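Residues per chain, in single letters:
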Amino acid sequence: MLLPGAGPLLPEQAGRDPAAVEVGAALAAAPRVAVVPHVLPDLDALASAAALAAALRRAGRDAWVLAPERPALHAWVVDPDLVAEAGPAGDCLRVAVDTARPDRLQVPGPVAVNLDHHEDNPGYGACNWVRSAPSCTCLVAAVGLALGVAPDPALATVLYAGLYGDTEGFRVHLDPAAFAWAQAFVAAGADAEGVAERFHRRSPGFWRYLAAVAERERALPGPVPCRVFPVPAALPQAFPLEPFEAALLPSHLTPPAGGVVVILQEGRDAVRFRLRSRGVDLLPLAHALGGGGHPQAAGVVLRGVTLEQALARLEAAWSQVVGASRRT
Ligand SMILES: [Mn+2]
């Protein structure tokens, strides 16, 4: 079943939204609820799971977060009391949050309720509320309101954290709904300063690492600007990084306007490409390299190649794709 809903979901009507009311009723009728986010969780995934379980607890229900994977950078949004490491005992209604595909769930299994803001979510749950929103925490907030749970400052902070994460600190995916929800969460007492501080916190070693990566910048020829940063496997090991920091390069090495950035990270047996763009569709390039993703954010993994070979493949694919786009 796919629950209806079109247009922006705004905080004023969210608690009366028919889909939010229906999801709320389904969750309230369950003896126990387990909320599962996606693998490699971002802030919105963990915040959505934590906020939904917390809202259900505030409504007097038995609810848990099922997320064995909680990276150090984002783990603070999940109250440890909400976590069921092995899964709660007994009959349990499973809710997926922020997860576009069922094979990306942290704990696989049948999904009763699928709550997501990715419009390409195929609706893999028994009940599906898939609605465009700036973060999945906005949908979670709507379900909470439908259950009669107005966020207190602690819950508002978690909801705001998901929104802050998915908008990369209110820099991308901005629309009136994003600002309306930010206003609602801050008015409810969200600790906006604390969220920003945690989201942007980096160790001193990270800045030295970033300088070393930035020094390696190369440009690719052609009419579309492309910045390339090859990162040898030994480079991050030369700096005292926090475990999460090696993954943070794309949020600092931004694409030029109308252009592309490619970060090539050499691992033990593969080179991982992370592609970002501003105003350019990345998918032809990602597909030419055997990868995929979204038009503005994509990834490629090349196994059994050196960094130099990966760079050569990128240069070949780039001239092919940019050449092709020149012909059209
Ligand atoms: Mn999200």
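Cut-off values and rules
Residues numbered from 1 in each chain as written. Predicted model: local features only at pLDDT ≥ 70, side-chain atom pairs only at ≥ 80, totals over all residues. Heavy atoms only, no water. Donors = N, O, S within 2.8 Å, 3.2 Å for Na, K, Ca; no water. Helix = DSSP H or I, 4+ residues; strand = E, 2+ residues; numbered from the N terminus. Buried < 20%, exposed > 50% of the residue type's maximum accessible area, 1.4 Å probe, protein only. Contact = heavy atoms within 4.5 Å. Polar contact = N/O pair within 3.5 Å; in protein donor to acceptor, adjacent residues only side chain to side chain.

(A) Structural detail: the coordination of the manganese ion. Looking at the manganese ion, one finds its protein donor set to be Asp 44 (OD), Asp 98 (OD), His 117 (NE2) and Asp 166 (OD), positioned 2.2 to 2.3 Å from the metal centre. All donor residues of the manganese ion come from one chain, and their arrangement in sequence is D-x53-D-x18-H-x48-D. With Asp 44 in helix α3 (residues 43-58) and Asp 98 in the loop between β3 (93-97) and β4 (113-116), this pair connects stretches of sequence that are 54 residues apart. Among the residues examined, Asp 44 registers a relative accessible area of 0% and is labelled buried.

(B) Spotlight on the environment of Ala 50. Along the chain, the position of Ala 50 falls in helix α3. Between the C-alpha atoms of Ala 50 and Pro 37, which are 13 residues apart in sequence, the distance is 9.4 Å. Beyond its immediate stretch of four places on either side in the chain, Ala 50 contacts Val 65, Val 77, Val 78, Leu 82 and Val 158.

(C) Quick look at the environment of Ser 251. If you trace the backbone, Ser 251 turns up in the loop between α9 (234-237) and β8 (260-266). For the pair Ser 251 and Val 33, spaced 218 residues apart in the sequence, the C-alpha separation amounts to 34 Å. Leaving out residues up to four positions away in the same chain, Ser 251 has contacts with Arg 171 and Arg 202. At 2.9 Å, the side chain of Ser 251 and the backbone oxygen of Leu 248 are in polar contact.

(D) Main features of the environment of Asp 44. C-alpha of Asp 44 to C-alpha of Thr 137: the two residues are 93 residues apart in sequence and 6.6 Å apart in space. In this structure Asp 44 touches Asp 98, His 117, Ser 135, Cys 136, Thr 137, Gly 162 and Asp 166, once residues within four positions along its chain are discounted. Of note is the side chain of Asp 44, whose polar atom sits 3.3 Å from the side chain of His 117.

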